[in-house]
Amino acid sequence: MSVSATSHRPFDAPDPEHIRDRLPFLIRRNLIMRGVRAFLEAQGCVEVETPYAVPTPGEEVHLLPFQTMREMPDGQQHPLFLHTSPEFAMKRLVAATGLALFQFARVWRNGESSATHAPEFTMLEWYQPNMTLTGLMDETESLLKTVLPPTVHRNTCTLDLSQPFERLSMEEAFRRHARVDLLPTQGNAQALAHAAGCSLRDGENWEDLFFRLLLERIEPAIGQTRPTFLTHWPATQAALARKDPTDPRVALRFELYAAGMELANAFEELTDPMEQRTRFEQDSAERRQLYPTRPTWPIDEKLLSALPNMPPCSGIALGFDRLVMLATGAPRIQDVLWIQD
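Residues numbered from 1 in each chain as written. Predicted model: local features only at pLDDT ≥ 70, side-chain atom pairs only at ≥ 80, totals over all residues. Heavy atoms only, no water.

What to know about the sheet that holds strand E3 (residues 66-71)
Strand pairing in a sheet takes place through backbone hydrogen bonds and is either antiparallel or parallel in direction. Basically, it comes down to this: The pairing criterion is simple: DSSP has to find at least two bridges between the two strands. Secondary structure counts use DSSP, requiring at least four H or I residues in a row for a helix and at least two E residues in a row for a strand, with both numbered from the N terminus.
In spatial order, the strands read E2-E4-E3; together these three strands make up an open sheet with antiparallel pairing. With one partner strand each, in any of the chains shown, strand E2 (53-54) and E3 form the two edges of the open sheet. In this structure, E3 lies alongside strand E4 (residues 77-82), joined through six bridges in antiparallel fashion. Residue pairing for E4: Arg70 is matched across the bridge by His78.

Spelled out as C-alpha cells, the structure:
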C-alpha cells in the first residue's frame, strides 16, 4: 500500500470526531475485550462467528430491525435483516456441537439512540451447556470481577465489586420497592394498578404497567452499591426461557443491573420446540397488531428443528459497550465506540 501525504497528518490537526480525546476509553476497550476473551476461553468456551444478515432477525416484539435485500445471480431477491442478536444462530451451533460458545457480535436495533443506546453496538453472548441459571450468575459475577476494577464510579453510584452481587427475585423486588404482591396480578392490569396505588393510562395493559413500575420504582433502587441480578421474571416475560418447574408462574431468567444500567439478560434456555413455536407465533401476532406497518419475517424453522438436539443450557447476552462504560467511567456509549456514522 502506498503512503500518501495524509498519512503524515500532524497530531495537532483538527479532530472533529474527538477520537483522540476518546483514546483512553478506546484503548481500555481493547484491553477489556482481551480480558473477556481470555476469561471465557479459560472456562472452556469456543469463540464463533455467525451471519449478521439473516432471514429472521429475532422475535422481540418491540425491536425494530434494519432491513436489506439479497440479490441472487439469477435476479431473485430475498429480504434479509441485520440481526438484533446472534441468539438463534448460536443455539443452532450449541445443538450441533454440544460446546460452550461465545461471540462478540455486532448487532443492530433501529430507532435506538441515547446515552446508553446506539443503533449498532457490540453484544457479548455466551452459552454454557449443562449449566443452571445459578451457575451462570456465578460465572457472570466472576467475569465482571475479573475485568472491572474493585470499585466502579458512575454518575452518583459507587459500586463495590469486592462484595457478593445481590440476587433478587422479581417478586421480592416488587414487594420491597413497590409494595406490590406481583405474581397474583399477572394478566390483570387493574389488579396491578390497584396494588401499586396508581391509575392505568389509556390503553395500558398488564405488561405495559409492569414495565412502567419496573422502570420507575425497581430499576432506580437496585444495582446502586453493588450489581444486582434481578431473577425469576413473570412467566408472561419468559421470552426464550424455561419456566421454573417449581413455580410455573415465573421464568428462569435474570437481568443484571449495575450503576443505573441494564447490563445483561440471561435465560435457562427453553429446548421444547412446540412451546417455542407457540411463543414465536404469539410474538409475531402481537408485533403485527402493535406495529402493522413494520416488516414481517418467517419463524426460524432451523432453530426449531435444532432445539430437540440442544442440551440443557444457559445463555446470556451482555452489552459489551456498557461494560466498557462501567470500566472507564465514560458517560455516553458513543464515547466507547471507535467511530460513528
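A short note on helix H7 (residues 273-290)
How we decide: For a helix, the expected span equals 1.5 Å multiplied by the residue count minus one. When checking whether two residues touch, look at their non-hydrogen atoms; a contact exists if any pair is within 4.5 Å. What qualifies as a polar contact is a pair of N or O atoms within 3.5 Å, subject to a donor-acceptor requirement within protein and to the restriction that residues adjacent in sequence count only when both atoms come from side chains.
With 18 residues, H7 should cover 26 Å at 1.5 Å per step; its first-to-last C-alpha distance of 25 Å lies within 8% of that length. Buried residues along H7 sit against helix H2 (87-97), strand E11 (243-244) and helix H8 (301-306). Between the side-chain oxygen at the start of H7 and the backbone nitrogen of Met274 there is a gap of 2.9 Å, and the oxygen is on Asp272.

Describing a nonpolar patch on the surface
Selection criterion: For patch detection, residues must exceed 30% relative accessible area and be free of salt bridges, and they are connected within 9 Å for like charges or within 5 Å for nonpolar side chains (Val, Leu, Ile, Met, Phe, Trp, Tyr). Here the accessible surface of atoms and residues is derived via Shrake-Rupley with a 1.4 Å probe, and residues count as covered only by protein chains that are part of the display. The rule for a salt bridge is simple: a side-chain nitrogen of Lys or Arg has to be within 4 Å of a carboxyl oxygen of Asp or Glu. For the exposure calls, accessible area comes from a 1.4 Å probe over protein chains only, and a residue counts as buried if that area is under 20% of its type's maximum, exposed if over 50%, partly exposed in between.
Taken together, the side chains of Leu23, Ile27, Leu31, Trp338 and Ile339 present a nonpolar region at the surface, about 450 Å² in accessible area. Its place among the elements puts Leu23 in helix H1 (residues 19-42). For Leu23, a relative accessible area of 32% corresponds to the partly exposed category.

As for the environment of Thr132
Tracing the chain through its elements places Thr132 in the loop between strand E6 (120-129) and helix H3 (133-147). Along the sequence, Thr132 and Leu290 sit 158 residues apart, while their C-alpha atoms lie 34 Å from each other. Those residues in contact with Thr132, other than ones at most four positions away along the chain, are Glu268 and Ser314. At 3.1 Å, the side chain of Thr132 forms a polar contact with the backbone nitrogen of Gly135.

Observations regarding the pattern of salt bridges
By the definition in use, this model includes 22 salt bridges. The residue Arg167 makes a salt bridge to Glu141 at a minimum N-O spacing of 3.4 Å. Of this pair, Arg167 sits in strand E9 (residues 166-169) while Glu141 sits in helix H3, placing them 26 residues apart in sequence. We classify Arg167 as partly exposed; its relative accessible area is 35%. Across the salt bridge formed by Arg201 and Glu216, the nearest N and O atoms sit 3.7 Å from each other. With Arg201 in the loop between helix H5 (189-196) and helix H6 (206-218) and Glu216 in helix H6, this residue pair connects regions lying 15 residues apart in the sequence. A relative accessible area of 43% means that Glu216 is categorised as partly exposed. Counted as one network, the salt bridges with shared partners bring together Glu166, Glu171, Glu172, Arg175, Arg176 and Asp181.

A word on the packing of aromatic side chains
Definition in use: Any Phe, Tyr or Trp ring, taking Trp's six-membered ring, that has another such ring centre within 6.5 Å forms a pair; planes under 30 degrees apart are called stacked, those over 60 apart edge-to-face, and the others tilted. When the NZ atom of lysine or the CZ atom of arginine is within 6 Å of a ring's centre and also within 35 degrees of its normal, the charge is said to sit over that ring.
The full count for this structure, using the stated rule, is 11 aromatic pairs. Centroid distance Phe104 to Phe320: 5.4 Å. Interplanar angle 80°. Geometry classified as edge-to-face. Of the two residues, Phe104 sits in strand E5 (residues 101-108) while Phe320 sits in helix H9 (residues 320-328), which places them 216 residues apart along the sequence. Comparing Phe104 with Phe320, the two get one shared label, buried. The interplanar angle of 70° and the centroid separation of 6.1 Å between the aromatic rings of Phe210 and Trp233 together place this pair among those described as edge-to-face. With Phe210 in helix H6 and Trp233 in strand E10 (residues 228-234), this residue pair connects regions lying 23 residues apart in the sequence. Here Phe210 and Trp233 have matching classes, each one buried. One aromatic cluster is present, formed by Phe174, Trp206, Phe210, Phe211 and Trp233 through successive ring pairs. Stacked on the ring of Trp233, the Lys or Arg Arg253 has its end atom at 4.0 Å from the ring centre. One Lys or Arg, Arg294, reaches over the ring of Tyr291 and ends 3.8 Å from the middle of that ring.

Topic: the side chain of Glu87
You can see Glu87 is positioned in helix H2. With residues up to four places along the chain from it excluded, the contact list for Glu87 reads Glu125, Tyr127, Leu240, Phe267 and Glu269.

Section: the confidence of the model for the protein
Let me state the cut-off plainly: pLDDT is a residue-level measure of predictor confidence that goes from 0 to 100.
For the protein, the average pLDDT comes to 94, and 97% of its residues sit at 70 or higher. Below pLDDT 50 for its whole length, residues 1-7 participates in one contact with residues either more than four positions away or in separate chains.

Observations regarding helix H4 (residues 170-177)
Applicable threshold: Think of it as the arc spanned by the lines of direction from the helix axis to the C-beta atoms.
Of all the residues in H4, the buried ones are Met170, Ala173 and Phe174. Seen along its axis, H4 keeps its buried residues to an arc of 95°; they face one direction. Where H4 is buried, its residues touch E9, H6 and E10. Phi turns positive, to about 55°, at Arg179, one or two residues after H4.

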